[in-house]
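Structure assessment
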Amino acid sequence: MKNHFVKTVQILVLSLFATFSLMGQSSSIFKRMDSYQTLDKMWELEPDSNSETFLLTAYKPIYIMPFRFSSHRRAVPFETAPVDPAVTNEEIQLDNVEATMQFSFKTKLAQRIFGRGALWLGYTQKSYWQVYNAEFSRPFRETNYEPEIIFNYPVKFDFLKMKMLGFAFNHQSNGREGHKFTRSWNRFILHAGFENNQWSLIVRTWFATEITENPDIEDYMGRGSILFNYRLKKHLLTLKAQHSLRFGDDNHGSVEFDWTFPIYKNLKGYGQFFHGYGDAMIDYNQIHTIAGIGIVFSGTL
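Residues numbered from 1 in each chain as written. Predicted model: local features only at pLDDT ≥ 70, side-chain atom pairs only at ≥ 80, totals over all residues. Heavy atoms only, no water.

A separate point is the overall build of the chain. A count of helices and strands for the chain gives 3 helices and 13 strands. The 301 residues of the chain split such that 49% are buried. Taking the contacts inside the chain whose residues are at least 6 apart along the sequence as the reference set, 61% of them involve residues at least 24 apart. Roughly 15500 Å² of accessible area belongs to the chain as shown, and the carbon and sulfur atoms make up 61% of that amount. (Helix = DSSP H or I, 4+ residues; strand = E, 2+ residues; numbered from the N terminus. Buried < 20%, exposed > 50% of the residue type's maximum accessible area, 1.4 Å probe, protein only. Contact = heavy atoms within 4.5 Å. Areas by Shrake-Rupley, 256 points an atom, 1.4 Å probe, with all protein chains shown as cover.)

What follows covers unusual backbone geometry. Peptide bonds are mostly trans, and most non-glycine residues show a negative phi. The phi torsion at Arg138 lies on the positive side, around 50 degrees, for a residue other than glycine. Exposure remark for Arg138: the relative accessible area of 41% places this residue in the partly exposed category. Positive phi values are uncommon outside glycine, yet Lys233 reaches one of about 55 degrees.

Glancing now at the pairing of strand S4 (residues 117-129). Of all 13 residues in S4, 11 are buried, a share of seventy percent or more. Where strand S3 (residues 97-113) and S4 come together, 13 bridges link them in antiparallel fashion. Paired with Lys108 across the strands is Trp120, a residue of S4. Sheet topology note: the S4/strand S5 (residues 140-157) ladder contains 12 bridges and is antiparallel. (Pairing = 2+ DSSP bridges.)

For a regular strand, the rule is simple: side chains alternate between the two faces of the sheet. In terms of burial, strand S12 (residues 267-276) is largely enclosed, as 7 of its 10 residues are buried. Across 10 bridges, the pairing between strand S11 (residues 253-264) and S12 is antiparallel. Paired with Pro262 across the two strands is Lys268, which belongs to S12. Adjacent in sequence and paired antiparallel, S11 and S12 are bridged by 2 residues, among which Lys265 carries a positive phi angle near 55 degrees. Note: S12 against strand S13 (residues 288-298), 9 bridges, orientation antiparallel. Within S13, the residue paired with His275 across the bridge is Thr289.

With respect to the helices and strands, His252 occurs in the loop between strand S10 (235-243) and S11. From its side chain, His252 meets the backbone oxygen of Asp219 in a polar contact 2.8 Å long. Non-local contacts of His252, meaning those with residues more than four positions away in its chain, are made with Asp219, Tyr220, His243, Ser244 and Tyr277. (Polar contact = N/O pair within 3.5 Å; in protein donor to acceptor, adjacent residues only side chain to side chain.)

Below, the structure written as structure tokens:
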């Protein structure tokens, strides 16, 4: 992937979000929000919940995690000029503890498609910061970018508690050049959403394309996933799991447990435990066990 193309995509997405925000009179992302958003509210599935188009709303969790500890030393390449010019292949010794931050937004592009369907634009960006690595000037070791187009259609199957069906076109990359550093894939995703009282479940499966730079990425980052949320009073418990849907040598996946809890008024804490593959794209084929703590601002799914 060429660097200028990646930068163009990033600027385009951010410009679209800024334009949409200015076009709207108000946006719910700046309002006080509950720690748990139902699928109905998040994707405006009910007829009386439809809002205007081109307004920024929360998508995936927006958080800052200043302490995130990995039990496995990350053996990944890092693009840098060596201190000694004679040393050209030496890799940076990365710290096990780093900071992570994520922001994520969405906006509705069109509604009432085929009756009640809606088209959304989503964008998520997650950065990994070696803030405690003073020896190498505290670098950002990785940033992952994820724009996507999402189509949702509300359905009602009371027996299965199904609320929506849809599909998405998803691009995810780390925006870097060179065979040693670049990670990228495009996916066509099918998803279904289920919800009842205090819980929600989203099941996804996908077909990946344009993975010549990392042809085995599906065997590590998966071909399907589930996302389960459970609200317990003022706490939100989230379980994320994805799997390669293969056996033998290609049997890989990951599991992540997130806990959102109240601290004081609108301030909410955020705890995270991760085990498996694909935490960051740069080392998608390395297994890690990670625990982190921080604060979350908005977003639950």
